[in-house]
Amino acid sequence: MLMTDVIVKKREGEKLSAEEIKFVVDGYTKGEIPDYQMSALLMAILLRGMDREETLELTMAMRDSGETLDLSAIKGVKADKHSTGGVGDKTSLILCPMVAAQGVKIAKMSGRGLGHTGGTIDKLESFPGFNTGISEEKFIENVNSFGIAIAGQTADLDPADKKMYALRDVTGTVPSIPLIVSSIMSKKLAAGADVIVLDVKSGSGSFMKTADDARELAENLTAVGKLAGKKTVAVITDMEPLGNAVGNALEVKEAIEVLHGEKKGELLELCLTLGACILTEAGIAENDAAARKMLEKGIEDGSALEKLAELVEGQEGDRRAVFDTSLLPMAPVQLETVCDRTGYVKHICADEVGLVSMHLGGGRATKESVIDLSVGLILKKKVGDAVTAGESLGTIHAQSVEAAKKAAEMLNACYTIVPDPVEKPAFIKGIVR
């Protein structure tokens, strides 16, 4: 079999066989197929597409390119969650303890952030001593003991995706639904969960710019999950800064506030919606309404917050920080971003807000960059809110006054403010099962 033949076949819009797809994935993972040939095929896929059978075969070949996680030693239903992106996305820190408190096992492999802000793993390291590099044996032991563990993804899990995504990122082939689906689902399938829930973002700053595109992605993700034998649900949500905090330790603090029952809004609503899908698919609840009541009770009685403490303690972190957030990293400088206009917030550019945090040191420009866990910002105005000149749009948390002033200027520019009232768009745009 020749790579050139496979490239030409897809260039002409023909369907690739399972054997051809496996040949490509195996060859590229092993270094036998060069980047320039793989780039040509990725562009052909972007332009010509793949049907669901091809997408499934690509997903499974990528999953099988390395080790897969065997969770058979864990008793009960195992669940996993994935988001297609988002600034201020601390959902896993809230959702996973909420669900685990209701008896569903959370065995989650997460990554570090590259770009705007840290990933879930970076955020968890805000807890003093927290160890994200636990062994597979310890990972399984913790899930059996506490019902929850979140660890860093190993280099041996889905190596094909790591190589292919890095190449897509520099060849203009990221926004392809078959390639997005195979990238997401190969990792989720390799991680071994029974139930997979997906948060699919829609709008400016996300892969899918329109609600229709997001629904198409959601339908493809759930279809591939079902074909692979997994219970899979996708929730389509609006792409805007999620909650109010952006920055690692600040997001951890906000997550704790939600689990403590102190904070409502779209962040809690998202976690209740995703959590209800998990409990229903896992057979723990009869329907979403019953599942929501269970999750809300877990917040009220403190069991969800206690589950976060068990997660932290089980991975060598200081559980006291769950109940006393002053033990989390804190930046020495706080500065308000003063608005110079009066009106209503029409839009907040999520990508640009992420860059504010990155400017402060809260994200990575390269894989080698060191994240400052203490810095970031707290948004005080969201879409639809009224604002008066002189009011604060947000609080900057920085290491220096100079960095804070620059960040305040950048944050001001992220806001579009108009004279007339603005209707806030629906945050949750649909659920695809």
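Residues numbered from 1 in each chain as written. Predicted model: local features only at pLDDT ≥ 70, side-chain atom pairs only at ≥ 80, totals over all residues. Heavy atoms only, no water.

**Q** I'm lost on the overall build of the chain in this one. Help?
**A** Counting its secondary structure elements, the chain contains 17 helices and 13 strands. Here the C-alpha atoms of the chain give a radius of gyration of 22 Å, agreeing with the 22 Å that 2.2 N^0.38 yields for 433 residues. For the chain, the spread of C-alpha atoms along the principal axes amounts to about 65 × 45 × 40 Å. Classification of the 433 residues of the chain by burial places 56% in the buried group. For the chain, contacts bridging at least 24 residues in sequence account for 77% of all contacts bridging at least 6. Here the chain has roughly 17300 Å² of accessible surface; of this, 51% comes from carbon and sulfur atoms. Here the chain carries 50 positive and 64 negative side-chain charges, and the mean point of each set is 2 Å from the other. (Helix = DSSP H or I, 4+ residues; strand = E, 2+ residues; numbered from the N terminus. Rg over C-alpha atoms; globule rule 2.2 N^0.38 Å. Buried < 20%, exposed > 50% of the residue type's maximum accessible area, 1.4 Å probe, protein only. Contact = heavy atoms within 4.5 Å. Areas by Shrake-Rupley, 256 points an atom, 1.4 Å probe, with all protein chains shown as cover. Lys, Arg positive; Asp, Glu negative; His and termini not counted. Charge placed at Lys NZ, Arg CZ, Asp CG, Glu CD.)

**Q** Can you walk me through the side chain of Lys 187 in this structure?
**A** Position of Lys 187 relative to the elements: it lies in helix H9 (residues 177-190). Only 3.0 Å separates the side chain of Lys 187 from the side chain of Asp 161, close enough to count as a polar contact. Residues in contact with Lys 187, not counting those within four places in the same chain, are Gln 153, Asp 158 and Asp 161. (Polar contact = N/O pair within 3.5 Å; in protein donor to acceptor, adjacent residues only side chain to side chain.)

**Q** Sorry, what's going on with the nonpolar core here?
**A** The tendency in soluble globular proteins is for nonpolar side chains to be buried side by side. Formed by 52 residues in total, the largest nonpolar core has its most connected members in Ile 94, Met 98, Val 99, Phe 127 and Leu 308. When residues in this core are grouped by element, the largest group, 10 residues, is from helix H12 (residues 266-281). Among the nonpolar cores identified, the runner-up in size contains 28 residues, and Val 345, Ala 350, Val 375 and Ile 396 belong to it. (Core = buried A, V, L, I, M, F, W, Y, C linked by side-chain atoms within 4.5 Å.)

**Q** Even after reading the chapter, I still don't get the pairing of strand E2 (residues 105-110), so can you show me in this structure?
**A** One face of the sheet, then the other: side chains in a regular strand alternate in exactly this way. Counting buried residues along E2, six of its six residues qualify, which places the element largely inside the surrounding structure. What you see with E2 is no split at all: Lys 105, Ala 107 and Met 109 on one side and Ile 106, Lys 108 and Ser 110 on the other are buried throughout. Across two bridges, strand E1 (residues 78-83) lies against E2 in parallel orientation. In the strand pairing of E2, Lys 78 is matched with Lys 105. (Pairing = 2+ DSSP bridges.)

**Q** Sorry, what's going on with helix H16 (residues 350-360) here?
**A** Along H16, the residues that are buried comprise Ala 350, Val 353, Gly 354, Val 356, Ser 357 and Leu 360. Taken around the axis of H16, the buried residues stretch over an arc of 150 degrees, which confines them to a single face. Against strand E6 (245-246), strand E8 (343-348), strand E9 (376-379), strand E11 (392-398) and helix H17 (401-414) lie the buried residues of H16. Positive phi shows up at Gly 361, right after H16, with a value of about 110 degrees. (Arc of directions from axis to C-beta.)

**Q** I'm lost on the packing of H9 against helix H10 (residues 211-227) in this one. Help?
**A** The description of two helices packed together rests on the angle between their axes and the distance between the axes. Put simply, H9 and H10 touch, their axes get as near as 10 Å, and they point 45 degrees apart. As summarised for this structure, H9 and H10 are arranged oblique, according to the angle between their axes. Considering only the axes of H9 and H10, their crossing is right-handed. Along the contact surface, H9 presents Ile 177, Ile 180, Val 181, Ile 184 and Met 185, while H10 presents Asp 213, Glu 216, Leu 217, Asn 220, Leu 221, Val 224 and Gly 225. Counted by class, the contact of H9 with H10 contains eight nonpolar, two polar and two charged residues. (Axes fitted to C-alpha atoms, helices over the stretch in contact; angles between N-to-C directions. Parallel < 35°, antiparallel > 145°, perpendicular 65-115°, else oblique. Left-handed = near helix turned anticlockwise from the far one by under 90°. Nonpolar A, V, L, I, M, F, W, Y, C, P; charged D, E, K, R; others polar.)

**Q** Explain H17 here, please?
**A** The periodicity of an α-helix, 3.6 residues per turn, causes residues three or four places apart in sequence to face the same way. Across its 14 residues, H17 extends 20 Å between first and last C-alpha, which sits within 8% of the 20 Å expected from 1.5 Å per residue. For H17, every residue scored as buried is listed here: Ala 403, Ala 404, Ala 407, Ala 408, Leu 411, Asn 412 and Cys 414. Buried residues in H17 make contact with strand E7 (333-338), E8, H16, E9, E11 and strand E12 (415-418). (Expected span 1.5 Å × (residues − 1).)

**Q** Can you help me understand the pattern of salt bridges in this one?
**A** Pairing between side chains of opposite charge can happen when the charged atoms of each approach one another. A complete count under the given rule lists 31 salt bridges for this structure. Residue Asp 26 is joined to Lys 22 by a salt bridge in which the shortest nitrogen-to-oxygen separation is 2.7 Å. A residue pair is termed a helical-turn pair when its members lie 3 or 4 positions apart in one helix, as Asp 26 and Lys 22 do in helix H2 (residues 18-29) at four residues. Using a relative accessible area of 21% as the deciding quantity, one classes Asp 26 as partly exposed. Linked through salt bridges whose partners overlap, the residues forming this network are Glu 240, Glu 266, Lys 382 and Lys 424. (Salt bridge = Lys/Arg side-chain N within 4 Å of Asp/Glu carboxyl O.)

Spatial relationships are all this shows, so hold off on functional conclusions.
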